[in-house]
Amino acid sequence: DIDVKKEWRKAVKEGLSAAWPICLGYIAIGLAFGVIARKTGFRPLEIGLMSLIVYAGSSQFIAAAMLGAEAGFLPIVLTTFSVNLRHLLMSSSLSLYLRNLSGSQLSLFAYGVTDESFALNMSRFQGGKWGWRQALIVNHSTNLTWILSTVVGGIGGQFIPAGAFGIDYALTAMFICLLVFQLRRIHHILVALFSGVLAVILCLMIPGNSYILIAAFLSSTIGLLLRKTTWRKNG
């Protein structure tokens, strides 16, 4: 028990130390979502419940916008579901490092997986000095930051004009930042460029948000092929 407590104290310290940059980003984006959701007609309690239950920044922005446009229940559910399908890819990648966890532990961990926590935890897992406890602290410290930030944004949203301070651009800026931090080798850059160009082309050709999934799948496949080719040359 003493060893477990020491491991948890170490995990909390290391997890919070790694998570704080994401938390700072979530404060800005969470406030932005809270403001936008309040302008759409959400109350602070509803904003907090949405952040707690859904916990997916891009999907929450999309859902709020669709609700504001008086879209139906089914289109909103299908759209947010399709956008969140990328979590299948992220979770399957993380599962390689979580094989010894129980079902309840995996469920608790899976709830907190986001683009940002995935990128951070994957890079730390690949570095070899990261455990599931640290990763769990990252997931849920950022989760708590997101929920509180969206509620605060909802409370203060009534006092902020729509579109002020570049709020509408906050989520896009976060994803650009995440992309830049993951561009470590030339094939990462090539895949990122291919994905961006393909997504723009498909966006002009295909209605809805399915172009995101198609571009992500094709780009991931290209990235895997490039990595295998690199391994063969080096091997």
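Read on for a plain summary of the structure. Owing to the predicted nature of the structure, the values given are computational and were not obtained by experimental measurement. Along each chain, the written sequence defines residue order, and numbers are assigned to residues from 1. A pLDDT threshold of at least 70 governs which residues receive local features in this predicted model, and a stricter bar of 80 or more applies before side-chain atom pairs are shown or counted, although totals over entire chains, interfaces and linings include all residues. Think of the side-chain values as coming from all heavy atoms in the structure, minus any hydrogens and water.

## Description of helix H2 (residues 44-53)
Moving on, step 1. Exposed residues in this analysis have more than 50% of their type's maximum accessible area, buried residues have under 20%, and partly exposed residues fall in between, with area computed by a 1.4 Å probe over protein chains only. Numbering of helices and strands runs from the N terminus, with a helix taken as a DSSP run of H or I at least four residues long and a strand as a DSSP run of E at least two residues long. Taken as a whole, H2 has its buried residues at Ile47, Gly48, Met50 and Ser51. The buried side chains of H2 occupy one side of the element, clustering within an arc of 160° when seen end-on. H2 presents Leu45 and Ile53 as exposed residues on the side facing more than 90 degrees away from its buried surface.
Moving on, step 2. Looking one or two residues past H2, tyrosine 55 carries a phi angle of roughly 45°, positive in sign. Arc definition: directions from the helix axis to the C-beta atoms.

## What to know about the environment of leucine 202
Moving on, step 1. Within the element layout of this structure, leucine 202 appears in helix H10 (residues 186-205).
Moving on, step 2. On the basis of relative accessible area, leucine 202 is assigned to the buried category, the value being 12%.
Moving on, step 3. For leucine 202 and isoleucine 212, which are 10 residues apart along the polypeptide, the C-alpha to C-alpha distance reads 8.3 Å.
Moving on, step 4. The contact criterion used is simple: two residues touch if any of their non-hydrogen atoms lie within 4.5 Å. With near-sequence residues (within four places) excluded, leucine 202 lies in contact with Tyr211, Ile214 and Ala215.

## Some details on the nonpolar core
Moving on, step 1. Judged by nonpolar contacts, the single largest core of 33 residues is most densely connected at Phe33, Leu94, Phe109 and Trp146.
Moving on, step 2. Of the residues forming this core, the biggest block, nine residues, is contributed by helix H1 (residues 2-40).
Moving on, step 3. Not counting residues within four places of it along the chain, the set of residues in contact with phenylalanine 33 comprises Ile47, Met50, Ser51, Gln60, Phe61, Ala64, Trp146 and Thr150.
Moving on, step 4. Think of a nonpolar core as a cluster: buried Ala, Val, Leu, Ile, Met, Phe, Trp, Tyr and Cys residues, connected wherever their side-chain atoms sit within 4.5 Å. Core analysis: the next-biggest nonpolar cluster, separate from the first, contains five residues, Ala199, Leu202, Tyr211 and Ala215 among them.

## Overview of the pattern of salt bridges
Moving on, step 1. In the sections that follow, a salt bridge refers to a side-chain nitrogen of Lys or Arg positioned within 4 Å of a carboxyl oxygen of Asp or Glu. Summed over all chains, the structure comprises two salt bridges.
Moving on, step 2. Put simply, arginine 133 and glutamate 7 hold a salt bridge, and the shortest N to O gap is 2.9 Å. In this pair, arginine 133 is assigned in helix H8 (residues 132-156) and glutamate 7 in helix H1, connecting sequence segments 126 residues apart.
Moving on, step 3. Exposure remark for arginine 133: the relative accessible area of 18% places this residue in the buried category.
Moving on, step 4. The salt bridge partner of arginine 43 is glutamate 46, with a shortest N-O separation of 3.0 Å.

## Examining the packing of helix H5 (residues 86-94) against helix H7 (residues 115-127)
Moving on, step 1. Contact pair H5 / H7: the axes reach a minimum separation of 10 Å and the direction vectors enclose 20°. One finds that H5 runs roughly parallel with respect to H7. Helix-helix and strand crossings are classified by hand; for H5 and H7 the assignment is left-handed. For the pair formed by H5 and H7, the contact residues are Arg86, Met90, Ser93 and Leu94 on the first element and Asp115, Phe118, Asn121, Met122 and Phe125 on the second.
Moving on, step 2. Only Asp, Glu, Lys and Arg are considered charged in this grouping, and only Ala, Val, Leu, Ile, Met, Phe, Trp, Tyr, Cys and Pro are considered nonpolar; every other residue, Gly among them, is considered polar. Across the contact of H5 with H7, the residue classes tally to five nonpolar, two polar and two charged. To obtain each axis, a line is fitted to C-alpha atoms, and for helices this fit is confined to the stretch in contact; angles are then taken between N-to-C directions over 0 to 180 degrees. When describing relative orientation, an angle under 35 degrees is termed roughly parallel and one over 145 degrees roughly antiparallel, while 65 to 115 degrees is termed roughly perpendicular and anything else oblique. What makes a crossing left-handed is the near helix being turned counterclockwise from the far one by less than a right angle; a clockwise turn instead makes it right-handed.

## Notes on the packing of aromatic side chains
Moving on, step 1. Stacked, edge-to-face and tilted are the three classes for Phe, Tyr and Trp ring pairs, Trp counted by its six-membered ring, which pair at centre distances within 6.5 Å; planes under 30 degrees apart are stacked, over 60 edge-to-face, the rest tilted. This model, assessed by the stated rule, comprises six aromatic pairs.
Moving on, step 2. Between tyrosine 97 and phenylalanine 125, the aromatic rings sit 4.9 Å apart at their centres with planes inclined by 5°, giving stacked as the arrangement. With tyrosine 97 in the loop between H5 and helix H6 (103-111) and phenylalanine 125 in helix H7, the pair connects residues that are 28 residues apart, well separated along the chain.
Moving on, step 3. Here phenylalanine 125 falls in the buried class, since its relative accessible area comes to 7%.
Moving on, step 4. One aromatic cluster in this structure is built from Tyr26, Phe33, Phe61 and Trp146.
Moving on, step 5. Just above the ring of tryptophan 130 sits the side chain of arginine 124; from NZ or CZ to the centre is 5.1 Å. By definition, being over a ring means that NZ of Lys or CZ of Arg is both within 6 Å of the ring centre and within 35 degrees of the ring normal.

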